[in-house]
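# Observations on the three-dimensional arrangement
If you want the building blocks of each chain, they are given just below.
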Amino acid sequence: MIVGLVFCKTSQNPLPPQEPVVGVQRNVLPTSMQSVVIGDPEANTSVAVVLGASIGGDPGMYISKQMDLQAQAMGKREDKSMRIMRLGEGIKVTFDGTILFPENSDSIAVQSYESLKHVAEILNEYAESNIVIEGHTDDLGSKSHNLKLSVKRATSVADFLKENRVSGDRIRIVGYGESQPLFSNSTGEGRSQNRRVELLITANDQLKAKAKGQPSN
């Protein structure tokens, strides 16, 4: 089943509360502004990726604190083209596709270079993580075209990060085309918000091993 994410205050399936990110910049969404899932939370890819990588307990709390620091570092640069959300033991970074790419193109816009370089810098600083790059589109055009475009855009972002020293071993690329809208495609604003690239950042095996070696609180 395919479900979408919406940003709202109430839902029948809210995500479990998380420790708030302290001292983040205003473009980092604290966990009090949780992403709420329509339907089964584990059926949504963003949530499923993060939950699937979580280990819980004291090690999970250690990882969450590391992710807090990484989210704060990313949020120090004011940037209207991306939203940063702490999600479980991971981070979701959503790039506005209308800013990141020219219309119907998979070539990254020059004005987005500094944003991506900043993200690459933080990913290199916090290197003990895996990165899933998801491409999404609106529903204009054919499904096959949108799927191919979403893969190409995710690949372009991955290539840019690799050119800026982020190890390709950390990166996995997925394209979803129009299948996972955040908002209704019936309006221009909704379609604009559905054209996006998301980075899902979770702990790798090295960070998990380090977390399990931490003393209990």
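Throughout what follows, the structure given in this document is the object of discussion.

## Concerning the pairing of strand β4 (residues 82-87)
In terms of burial, β4 is a largely internal element, five of the six residues being buried. Here β4 runs beside strand β5 (residues 90-96); their pairing, made up of six bridges, is antiparallel. By the bridge assignment for β5, R86 is matched with I91. Hairpin connection between β4 and β5: a loop of two residues separates the two successive antiparallel strands, and G88 in this loop has a positive phi of roughly 60°.

## Details of unusual backbone geometry
Phi is positive for N104, which is not a glycine, with a value near 60°. Here N104 is to be found in the loop between α3 (97-100) and α4 (113-125). Even without being a glycine, R165 presents a positive backbone phi close to 75°. Locating R165 in the fold gives a position in the loop between α5 (143-163) and β7 (171-175).

## So, the nonpolar core
One broad rule of soluble globular proteins: the nonpolar side chains tend to lie buried together. Counting 33 residues, the largest nonpolar core has V93, F95, L123, I133, V157, L161 and L199 as the members making the most contacts within it. Sorting the residues of this core by element identifies α2 (57-75), β4, β5, α4, β6 (129-136), α5, β8 (196-203) and α7 (205-212) as the ones contributing at least two each. When residues no more than four places from it in sequence are discounted, the contact partners of I133 are A154, V157, A158, L161, I171, R172, I173, V174, V197, E198 and L199.

## Comments concerning the pattern of salt bridges
Applying the stated criterion across every chain, the model contains seven salt bridges. Where E114 meets K117, a salt bridge forms, and the shortest distance between an N and an O atom there is 3.9 Å. Taken as a pair, E114 and K117 lie in helix α4 at a separation of three residues, close to a single helical turn. Take E114: its relative accessible area is 45%, and that puts it in the partly exposed class. Ionic pairing is found between D138 and R195, a salt bridge with its closest N-O pair at 2.4 Å. Taken together, the residues D138 in the loop between β6 and α5 and R195 in the loop between α6 (188-194) and β8 connect sequence positions 57 residues apart. You can call D138 buried: its relative accessible area is 5%. Its relative accessible area of 24% is what places R195 among the partly exposed residues.

Criteria and cut-off values
Every chain begins its residue count from 1, and numbering advances along the sequence as written. Predicted model: local features are reported for residues with pLDDT of at least 70 only, side-chain atom pairs are reported and counted for 80 or more only, and whole-chain, interface and lining totals are derived from all residues. Computation of side-chain values: all heavy atoms of the structure, hydrogens and water removed. Whether a residue is buried, partly exposed or exposed follows from its accessible area with a 1.4 Å probe, protein chains only, as a fraction of its type maximum: under 20%, in between, or over 50%, in that order. In this description a helix means any DSSP run of H or I spanning at least four residues, a strand means any run of E spanning at least two, and both kinds are numbered starting from the N terminus. When DSSP finds two or more bridges between a pair of strands, those strands are recorded as paired. Residues grouped as a nonpolar core are buried Ala, Val, Leu, Ile, Met, Phe, Trp, Tyr and Cys residues, joined through side-chain atoms within 4.5 Å. In this description, contact between two residues means that some pair of their heavy atoms is separated by no more than 4.5 Å. Every case where a carboxyl oxygen of Asp or Glu lies within 4 Å of a side-chain nitrogen of Lys or Arg is listed as a salt bridge.

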